Structures are given as C-alpha cells and as structure tokens.
Amino acid sequence: MAVKDRDRFSTATRLKLLGEQTAARVYRSQTKRQARRSRLTGRAALLALVLCSLVVALAYPIRQYVSQRAEVADLQQQREEARARVEQLRDLKARWQDDAYAEQQIRDRLHYVMPGETGYIVIDPDAAKQSRAGQGAADRPWYANVWDGVDKADRSDE
C-alpha cells in the first residue's frame, strides 16, 4: 500500500490526473458551447443584409409600377367611355338624318304644328305662379321680367 500511496503523490501521477481533469472540462465546455451556439451565422447575417438591401432597392420601382398600372387601367376605362359616347353621337347623327325624326323633334321642342293643325299648350296656373315667385329677377330671362312688368301695370289700373 505504501507503493500505491507513493504513486498517488508522485508528480507524474498528479500531472496525468490534472491533464485528464482539464481534458474533461474542455470537452464539457465545448459541448455546452455547441448546444448554446446561436443559429445566426455570418452567412445568415450576410444573406439577411442582402435581402434587406434588395427590398429597399426595389420598393420604389415596384410602387411606381403599381401606380402606373392603375393609371393605365383608368385611361383604358376613359377610352371605353369615350368610345361609347362616340357611338351614341353617331347613332344620334344618323337619326337626325331621317326626316321623320327631325320633324318629330322640331314639333316637340319648338312646338311647331303642320298647316291646318291647331297647337295647344296647357299651363298650370299654380305652377306658373310658383315658378315666378321662386325665381329672382336676375335668374329669369329678360322677357319674363318684361311680362311681369306688364302684368303689374295691368293690375294697378284695376
């Protein structure tokens, strides 16, 4: 037993034991470090930086593209509306080329009558009074003001 105890206190034995303990500590610290190691590596950080740069660089052109597409859609809609309006005007022009349509419009709008016919215009007296009272002198045509003056002059004589 004395040899064993002497071996236990020898320098070589102590160094060997210290080396084993140090190796065990290093092994434990490396396994802990690997377990705690962050997933964000240098490559991942560089990739994130490149992606953010691309997003920032492409944001303005994409916004311009979207706004121009909306403007193109609006212009196409206006073009279609203008085309429909042109078609309506062509139809109206073709109708006015017909003598029967022109005669009908003249009779309706200008109150013309054919020779031998008697034209009548029925006016509601209440509606005429309301329209005269509702309008100011400046809003009405000049001949309405003249006629009202004649009516007032006739009433003052009575």
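When helices and strands are tallied, the chain shows 6 helices and 0 strands. Residues classed as buried in the chain amount to 5% of the 158 residues present. Approximately 15100 Å² of the chain is accessible, and the part contributed by carbon and sulfur atoms is 57%.

Another aspect to go through is helix H3 (residues 42-97). Count 3.6 residues to each turn of an α-helix, and residues three or four apart come out pointing the same way. For H3, with 56 residues, the first-to-last C-alpha span of 82 Å sits near the 82 Å given by 1.5 Å per residue. The axis of H3 is deflected most strongly, by about 35 degrees, at alanine 59, and proline proline 61 appears within four residues downstream.

So, on to helix H4 (residues 99-110). Its 12 residues give H4 an end-to-end C-alpha distance of 16 Å, which sits within 8% of 16 Å, the value for a rise of 1.5 Å per residue. For H4, every residue scored as buried is listed here: Tyr101, Ala102 and Gln105. Summarising the axial view, the buried residues of H4 lie within an arc of 95 degrees, below the 170-degree limit, and thus occupy one face. Among the exposed residues of H4, those oriented more than 90 degrees off its buried face are Asp99 and Ala100. Taken together, the buried residues of H4 touch H3. Just downstream of H4, histidine 111 is the residue with a positive phi angle, here 60 degrees.

Turning our eyes to something else, we now look at the packing of aromatic side chains. Taken as a whole and assessed by the stated rule, the structure comprises 2 aromatic pairs. Where tryptophan 96 meets tyrosine 101, the ring centres are 5.4 Å apart and the plane angle is 85 degrees; that geometry is what we call edge-to-face. Ring plane angle 85 degrees and centroid distance 5.9 Å describe the contact between tryptophan 142 and tyrosine 143, whose orientation is recorded as edge-to-face. We note that tryptophan 142, like tyrosine 143, is exposed.

Right, let's get into the side chain of glutamine 105. Topologically, glutamine 105 is positioned in helix H4. A relative accessible area of 12% means that glutamine 105 is categorised as buried. Leave out the neighbours within four places in its chain, and glutamine 105 touches Trp96 and Leu110.

Per-residue pLDDT for the chain averages 83, and the proportion of residues at 70 or more is 83%. Per-residue pLDDT, averaged within each element of the chain, yields its smallest value for helix H1 (residues 2-8) (57) and its largest for H3 (95).

With that settled, consider the pattern of salt bridges. One pass over the structure, following the stated rule, counts 5 salt bridges. For arginine 83, the salt bridge is made with glutamate 80, and the minimal N-O distance between the two is 3.4 Å. Residue arginine 83 and its partner glutamate 80 are both found in helix H3; the two are separated by 3 residues, about one turn of the helix. A relative accessible area of 46% means that arginine 83 is categorised as partly exposed. Classification of glutamate 80 as partly exposed rests on a relative accessible area of 41%. Among the ionic contacts, a cluster of salt bridges with common partners joins Arg79, Glu80 and Arg83.

Each value, and the rule that gives it
Residues numbered from 1 in each chain as written. Predicted model: local features only at pLDDT ≥ 70, side-chain atom pairs only at ≥ 80, totals over all residues. Heavy atoms only, no water. Helix = DSSP H or I, 4+ residues; strand = E, 2+ residues; numbered from the N terminus. Buried < 20%, exposed > 50% of the residue type's maximum accessible area, 1.4 Å probe, protein only. Areas by Shrake-Rupley, 256 points an atom, 1.4 Å probe, with all protein chains shown as cover. Expected span 1.5 Å × (residues − 1). Bend = angle between axes of the 7 residues up to and from the residue. Arc of directions from axis to C-beta. Contact = heavy atoms within 4.5 Å. Phe/Tyr/Trp six-rings, centres within 6.5 Å; stacked < 30°, edge-to-face > 60°. pLDDT = per-residue confidence, 0-100. Salt bridge = Lys/Arg side-chain N within 4 Å of Asp/Glu carboxyl O.

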